[in-house]
Each structure stands twice: as C-alpha cells, then as structure tokens.
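Observations on the three-dimensional arrangement
This is what each chain is made of:
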2 protein chains.
Amino acid sequence: MTSTALLTDQYELTMLSAALRAGTTDRSCVFEVFARRLPDGRRYGVVAGTGRVLDALEKFRFGEEELASLRPILDADTLDWLAEYRFNGQIDGYREGELYFPGSPILTVRGGFAEGVILETLILSILNHDSAVASAAARMVNAAAGRPVIEMGGRRTHEQAAVASARAAYLAGVDHTSNLEAARTYGVPSAGTAAHAFTLSFANADGSDERAAFAAQVAALGVGTTLLVDTYDITTGVQNAIEVAGPELGAVRIDSGDLGVLARQVRQQLDDLGATGTKIVVSGDLDEYAIASLRAEPVDLYGVGTSLVTGSGSPTAGMVYKLVEVDGIPVAKRSSRKESHGGAKRAVRAARSTGTIVEEILLRDSARGQSVPGTDGLDVTELQIPLVRDGERVEGLPTLEESRRHVAHGLVTLPWEGLGLSHGDPAIPTRYLNEPESR
Amino acid sequence: MTSTALLTDQYELTMLSAALRAGTTDRSCVFEVFARRLPDGRRYGVVAGTGRVLDALEKFRFGEEELASLRPILDADTLDWLAEYRFNGQIDGYREGELYFPGSPILTVRGGFAEGVILETLILSILNHDSAVASAAARMVNAAAGRPVIEMGGRRTHEQAAVASARAAYLAGVDHTSNLEAARTYGVPSAGTAAHAFTLSFANADGSDERAAFAAQVAALGVGTTLLVDTYDITTGVQNAIEVAGPELGAVRIDSGDLGVLARQVRQQLDDLGATGTKIVVSGDLDEYAIASLRAEPVDLYGVGTSLVTGSGSPTAGMVYKLVEVDGIPVAKRSSRKESHGGAKRAVRAARSTGTIVEEILLRDSARGQSVPGTDGLDVTELQIPLVRDGERVEGLPTLEESRRHVAHGLVTLPWEGLGLSHGDPAIPTRYLNEPESR
C-alpha cells in the first residue's frame, strides 16, 4: 500500500503542531468542500473523484518512511500523533456524478480539528482535478448528441492524471479511453488502433507504402479495425483502405485538416466505393465547440484529447475546503470578497413534476426529511449521502457505472438553457435558508 | 517497483501486434519529441521532466499483472513480446532545464520500431506536463525579479501531478513548495505555516479569538513564523500579530483583496509598530502578470498556486512524438498543415560573444563537432546530450540542482525582448539546414 499521507501541504502539519500545543486538536469541527463559482461561463459542474477520495483516505497513513521525511520540520509530539493517525470521523457528500452549482456543499467532513484539517490538500487535489475533467467531458458528450466519444488525451497531461482523467471522462458519459491503466484500474472500456508512425514505418527506399501498412493492420486486427487515412493524401488513403480491407472495413480516421469538409468528402468516397457501413472517426484538437460544429456532418465517432484532459480551458474546478463550524459555532472568514457561508448545511434540490430542476437550497438547522420552506408543489431531493461513518467507508456506495448513469440522468433534469455551450449563468440559482451569523 | 507500462495508449500495443505480424518490429527507427509551437504568445519554453522520463523508463516492464489485464485485447505473440520487453536503444535529448523553441528536438529515441513506438504516451505525458509547468514558472520567477516564490498549488491539480509540478517549478527557479511529497521525493525545500482554518478554530461562544490562534502558532513555530492576518479585519490582524509575537515576527501573509494596496498599508502599519524586519507574504490567484504588477509594492515573497500548476493558461506543452526516420530514410506526415520535418536532426544554438543567443539551427547529416554554416563569429553550442545508451541511463547526468542553475543561466542568454510577458514571437528563430525530402 503506497501511502497518500505526504500528498499534503506542509502548513497542515504545522497547524497540527500548533493545535497540539494549544490543546485544540480535538475541537469538534465541520469542514465543507464547495466551489465559490463555476468555471467561467459554465452552467453546471459534475462532481467527480469522490470514489478516489475514499480510496486515498484508506491509504492516508504515516508509516516509518513518511515520518522519517517529516522529522526535520516537526516536533516529536506531532510525529507521535501522526504515527497513530487514522481518520475516525464522518463524511457526507454529493454522490459522485451529481451536478453541482456555486456553493454546493460537495463534501462535509466532521471530526476533530486536526484529523479534519490534514485532509484538505488530498481531498481538494482529487476533487478539483476530476471534477474539472468531468465537467468539461459532460459538455463534450452533450455536444456529440449521441455519437460516441473516445478520450485519448493521456499524452497531454501528467501520466497519473491521465488515468484519473479517463475515469472522470467515462463517468461523464465518454464511451472509451485510450488509456490502458484506466482500463485495468477502473474498468473503463479501452480502444485504439494505430498512429501515423505505423504507416510511416513501412516507408522504404522506393517511397512510402501505405497499402502495406494497412494490410498489416488488417491482418492483425481484422477488417473491423480503424485505418488512419491522413498520413499522406486522404483521398488516396481512403482508396487504399478499401482496396486493402474491402467494403467491410470498420472505420477510417481523419486526424487533421478541416474535419467537416473532409468528413463529407470521405463519406461520399466511401459510399461510392460501396463501403456504406464504414464509419468515420475524427480527431485532432476537438473540444465541445468543434464537436458541436460537426453535428451536421457525417461523423460517427469523436476522438478527444487535449481539451478533455485539461478541462477545456478550466483545468481545475476551484473548489475550496473550509472550516465552517467549531463546537457547534458557525465560523467563516470575513475579510474581503472571499466570504464563506458559515455553519454545516443541508442541501436539497427542488424540481418540477416534469423532473426539471428549479433551484438548489442550502439550509442551516434543519434535519434530513424536514420540509423545506418555499417548495410547495415541487419535488425535493436530498443531495448528500453518507460516505464515511466512524472512519469506515459506507458499504454499497454507487459504482462507477451507476454514477455514470446518474450524470446522464442529471443532465436531463437541467432547464433547457442549462445545456447551452455559450457563456451563461448557473442553470439554477442557489438559495440560502436560515443562514446564521458566523464568528 | 510499480510498473509504468500501462501508462500507455492502447494503439501502441495494437501497432506492435500488427508490426509483429508484418515482421517490422525491428526496423531501425528514430523518433523525435518536439513542439510545433510554443504556447500562445510565449517566447520560450523550459524543458522539464527529462529526469522523470528516465525514472519511468526503468519501470516500464510488463509483469504478470500487466499482461493479465492486456490478455483480452492482445494476441499471444504480442503478450510474449511484451513480457520480454525492455528498451535497449539510445536516447539523446536537450538537458533538463534547457530552453526550447518551436521544432527543437527535445528528445531523440533510436531503436527498433516496436521498442520505440510503445514509449510514446509515457514520454509525452511527462514532458508535456512538466514542461508546461516549468515554462510558466520561469515567467513567474522572472516577474518576481529576485523576490522568492513559493509554489502552493498542489490542491488545484491531480494529487500526483502536484508532486511533479513542485519539482518542475523548483527547476524553473521557484524557491519553495508546500508539497511534502515533493520534498521527500525530489528534495525540493518545503515551506508552510497556517491557513484560515487555524485561526477560525479558536472561535468560541464569545466570538472569534485571533490572538489565541496567533499565540498558539508562535508558541509552536516560534516568532520567525508567518501569521495569516486576513481572516477577519486585516488592520486588527496585523495589530494582533505584532502584539502577540512582538516586532521580531518573521512575516505576515495576506491572501485576499487588493494585494498592492494592502501591502502598502500593512508595511506602513508594521513599520509604525516597530516591526521593520517583518516580511510581507502575498498569495491569492497570483500569476506572472499579477506578480509583475506588484513589483513596486513592499512585497517580500509571493505564494503562487493555481496558475503555476496549470501552466498559467497553457496546462500542456503540446509536444508530439514523431517517427522521423526508418532504416535511414527520412519520413514525415504530409497531409494538411501538421507537417513534420523528417530525418534525425542535430541541434545547435548560436550565441554572440556576449552570451546572447541569436538562433537555433537544426541540421541533417552533420555530426557533432562539425562546423555549422552561417555561424561565423558566433559561439555554437550542441543542445543534445546522451541520456540512454543501450537501454541504460548514462551516468553523471545533471542533478535537479544543476538543471535549476541551467535554467537561470539560460534565461540570461535570451535577447532582452525574450523575457517580455506580453504575447510575442519566439525569442530566437529556428533555422533548418540540409533538410531532406521525406517519404
């Protein structure tokens, strides 16, 4: 088991050290994860990474190696405390795959001050990364309007972020990943056939030999494979592909150029060659806008890379982890514009009988199940579920597949303007009820 | 040893499978890593990640677990080949910390087609991530004009990307990281004191108690610590800080608001309180532009988070891994605008006797040491060094500290306009000599 304990900012441990001196480590605290705003112009976010947070929490242990590396910066009492550390508190949160909006209490961590504060960085790293990718991916899936999307951006992001990106993209509705570690670790369906290098590798002293490359690929992978036709001339590439594989060829891929124009030309050429069932895969710098612009074109499948794994302009979700309650007293930072809303919150979402959501309501001092003022005639859904009880992961939490269906369902509940790709306001407003005065 | 072998795109292994059938796995190939362009408007890039690539290469082995997960998608011959895999070829490249420009052959991998092609994703993931962060960090360090910079963005990126980001930032001249794993793994100096949560945790039924929090922190960390003064009212916070710690207090940190205005006010207040040696640390959504705008203010240290770990708008360096030569024959993709320059290249940089660099020259068919046409009166430096020979890492490669000094030295060699923060062209042009016709 590789420890996750050092995936932490130093100040968390120096705070622990100071709290130990002051005798405040065990003050009963509530920490909340939320985003003050959605990424620029987005209308919703998708919660992703919750499952990975729970995995990482189980490995958050300070073993001998971790403690040795901390010895130069921490006192003996602090090191002793860390050696015994395991989280024993409670965590509730939005289920993975839930939509979120500004202020949504995505995760609520209850426990002693010290046991909660030292989880800040790890929890935020995971949720900020995965939610950024899932939120961008959901927009791409929506823009693809039912055509499958393959995630193939691993090479454009950190090698481990690539694995988490593939998971988050799948959660958000992407169909396949190119990443083999994501297939192994999370069971994400993988896909992939060949790159330009394969075709180029058949060049010889007489020149290029695209047909030999295609023949080799078909021999190994069958006629159902996807042949990459734009290494040299695309029209010749399509001609070669069908001559070599026959009209039963699975697909051709175009990775460059004006994809809309090329898709139309290639479709016509394929049809003329009798390859009416051969699909067209496009890739190359696609984002949700490019995908949407291809909606009228004969494209069967999108391969998305850079923009997906980098959150399409918003590579982090900007979530924060804030102390909101101490010994039952609401607390909040008060200087400048970075105000937080103090106090632990209950979160519900109100929807019309048609299923369309109309607002998110954050309540203080009201227990689960109690009626929510101002929601007459609306269906009210609780948004938080128990995730950890007394330090142990709750059993029967949603699987990745279930969470994936939950995203798809959630997108259907958005007001129609909520799915727009242009810049806009959050799809629904957030209302605070019974807000306390914070200290 | 955790294997890195599955941090790979599926198509690399299906290409291997097809190459095995066609008998082309051992064709002698040269692959090159380069960036077609610098991120939007940047004038230089910083090569980072080379050391991590060499670490990852040593762990690129297909063990029983990896092979088991590949069995559903690969044939037996391919699995057998992978079980025996280890890279036995040659790698040359720009040393880590070298500046790069469009087309610079940052890494050149020589070996059989199959042994080279399957490294594509892993090599690109590392170099694209680390170089994006280092390239942004160098601009921030330059904007800070000698004032120290702390990297504290771990919470805004994937938890493992955070560690690599801290390393890349340090390489580029950042002074400290908040990330404890980066301190352990790479020896990056770490720093950090306290967050708002610490101050808030001292709230009680009577209200907030900033003084108690400050006293606890000083008791644990000494008067040299940094007190965060903007949880409540900043002026009161500074007053409390000096009253509690005395005028020998190490520093105060401001994390929100108009940092320039606040820094001036706080400096005046500290001076009035006799705390003339107490430093001012600022943080909160800083990027290179915000850092530069604070140059005239009494700021002693910058804490940089989100923008650093996300490459300040360019979270990936956009490098590609292209097959450029097969059995001595230059090859290149020819369709559309994504042309590559075929053929393995020698790279040199020409500089005036003052040290200022004037151009990068990529030459075909000329051995190291041979004179380079058009460089009379200029100093010519070879840019590639041997990194791997017959699969083994070359001994005595530059350490992280040496590479860090190399970045600092490199920035001094740029023409003056090369350090501008505004959008511009690459600081020096790239010239191709003796370019062959590719197949």
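Residues numbered from 1 in each chain as written. Chains lettered and ligands numbered in written order. Predicted model: local features only at pLDDT ≥ 70, side-chain atom pairs only at ≥ 80, totals over all residues. Heavy atoms only, no water.

**Here's the deal with the overall build of chain A**
- Along its length, chain A carries 15 helices and 19 strands.
- Charge-centre separation for chain A: the mean point of 42 positive side chains lies 5 Å from the mean point of 58 negative side chains. (Helix = DSSP H or I, 4+ residues; strand = E, 2+ residues; numbered from the N terminus. Lys, Arg positive; Asp, Glu negative; His and termini not counted. Charge placed at Lys NZ, Arg CZ, Asp CG, Glu CD.)

**A closer look at empty space enclosed by the protein**
- Overall, the coordinates contain seven cavities of 30 Å³ or more when judged by the stated rule.
- Approximately 150 Å³ is the volume found for the largest cavity.
- Along the wall of the largest cavity there are 14 residues; nearest its centre are T157 and P315 of chain A together with T157, V309 and P315 of chain B.
- Residue composition of the lining of the largest cavity, by class: six nonpolar, six polar and two charged. (1 Å grid on protein atoms, 1.4 Å probe; cavity = no way out; pocket = protein on both sides within 12 Å on 5 of 7 lines; lining within 4 Å. Points joined across faces, edges and corners; volume = space filled by probe spheres on them. Nonpolar A, V, L, I, M, F, W, Y, C, P; charged D, E, K, R; others polar.)

**Digging into the relation of the copies chain B and chain A**
- Superposing chain B onto chain A requires a rotation of 180° together with a translation of 0.0 Å along the rotation axis, leaving an RMSD of 0.0 Å. On the angle and the small slide along the axis, the relation comes out as a two-fold axis.
- Both copies share a contact surface, since 100% of the interface residues of chain B are interface residues in chain A too. (Least-squares fit on C-alpha atoms with pLDDT ≥ 70 in both. Contact = heavy atoms within 4.5 Å.)

**Some words on the packing of aromatic side chains**
- One pass over the structure, following the stated rule, counts 14 aromatic pairs over all chains.
- Between F31 of chain A and Y321 of chain A, the ring centres sit 5.1 Å apart and the planes meet at 20°, which makes this aromatic pair stacked. One end of the pair, F31 of chain A, is in strand β1 (residues 28-35); the other, Y321 of chain A, is in strand β12 (residues 319-326), and 290 residues separate them in sequence. There is no split in this pair, since F31 of chain A and Y321 of chain A are both buried.
- Centroid distance F198 of chain A to F202 of chain A: 5.1 Å. Interplanar angle 65°. Geometry classified as edge-to-face.
- Residue class for F198 of chain A comes out buried when judged on its relative accessible area of 1%.
- Under the relative-accessibility criterion, F202 of chain A is labelled buried at 9%.
- Aromatic ring contacts, followed pair by pair, group F31, F113 and Y321 of chain A together with F198 and F202 of chain B into a single cluster.
- When the ring centre of Y186 of chain B is taken as origin, the NZ or CZ atom of R167 of chain B, which lies over that ring, is 5.3 Å away.
- The residue whose ring lies beneath R404 of chain B is Y170 of chain B, and the NZ or CZ to ring-centre distance is 4.2 Å. (Phe/Tyr/Trp six-rings, centres within 6.5 Å; stacked < 30°, edge-to-face > 60°. Buried < 20%, exposed > 50% of the residue type's maximum accessible area, 1.4 Å probe, protein only. Lys NZ or Arg CZ within 6 Å of the ring centre and 35° of its normal.)

**Quick look at the nonpolar core**
- Counting 130 residues, the largest nonpolar core has F198 and Y302 of chain A together with F62 of chain B as its most contacted members.
- Take this core: its biggest share by element is nine residues, from helix α6 (residues 120-144) of chain A.
- Each of two domains, domain 1 (10-130 + 318-433) and domain 2 (134-313) of chain A, supplies a minimum of three residues to this core.
- The contact partners of F62 of chain B, leaving out residues within four places of it in the chain, are A5, L6, L13, L67, L70, L82, A83, Y85 and I118 of chain B.
- Counting residues in hydrophobic clusters, the runner-up holds 128 residues, among them L119 of chain A together with V174, L286 and L414 of chain B. (Core = buried A, V, L, I, M, F, W, Y, C linked by side-chain atoms within 4.5 Å. Domains from an automatic or database assignment.)

**Comments concerning the domain arrangement of chain A**
Residues and elements named next belong to chain A.
- Here the domain parsing of chain A yields domain 1 (10-130 + 318-433) and domain 2 (134-313).
- Relative placement of domain 1 and domain 2: their C-alpha centres are 37 Å apart.
- Listed per partner, the contact involves 23 residues of domain 1 and 25 residues of domain 2.
- In this assembly, domain 1 packs against domain 2 so that about 2000 Å² is buried in total across both faces, 56% of it on carbon and sulfur atoms.
- Among the residues of domain 1 in contact with domain 2, R42, R404 and L421 are the three that bury the most area, contributing 36% of the side total.
- The interface formed by domain 1 and domain 2 holds two salt bridges in total.
- Our count for the contact surface shared by domain 1 and domain 2 stands at twelve residue pairs in polar contact (both at pLDDT 80 or more).
- Among the elements of the structure, β2 (45-46), α2 (50-58), α6 and α15 (400-412) are those that each provide at least two residues to the side of domain 1 that touches domain 2.
- In terms of residue count, α15 provides more of the side of domain 1 that touches domain 2 than any other element does, six residues in total. (Buried area = accessible area lost by both parts, 1.4 Å probe. Salt bridge = Lys/Arg side-chain N within 4 Å of Asp/Glu carboxyl O. Polar contact = N/O pair within 3.5 Å; in protein donor to acceptor, adjacent residues only side chain to side chain.)

**Regarding the interface of chain B and chain A**
- On the side of chain A, 99 residues touch chain B, which itself brings 99 residues to the contact.
- Both faces considered, chain B and chain A share a buried interface measuring about 7900 Å² in area, 59% of it formed by carbon and sulfur atoms.
- Summed over the shared surface of chain B and chain A, the number is twelve salt bridges.
- Between K333 of chain A and D230 of chain B there is a salt bridge, with the nearest N and O atoms lying 3.7 Å from each other.
- Remark: the boundary between chain B and chain A carries 45 residue pairs in polar contact (both at pLDDT 80 or more).
- Broken down by element, the side of chain B that touches chain A gets its largest block of residues, eleven residues, from helix α1 (residues 10-22) of chain B.
- Classifying every residue of the side of chain B that touches chain A by side-chain character gives 42 nonpolar, 35 polar and 22 charged.

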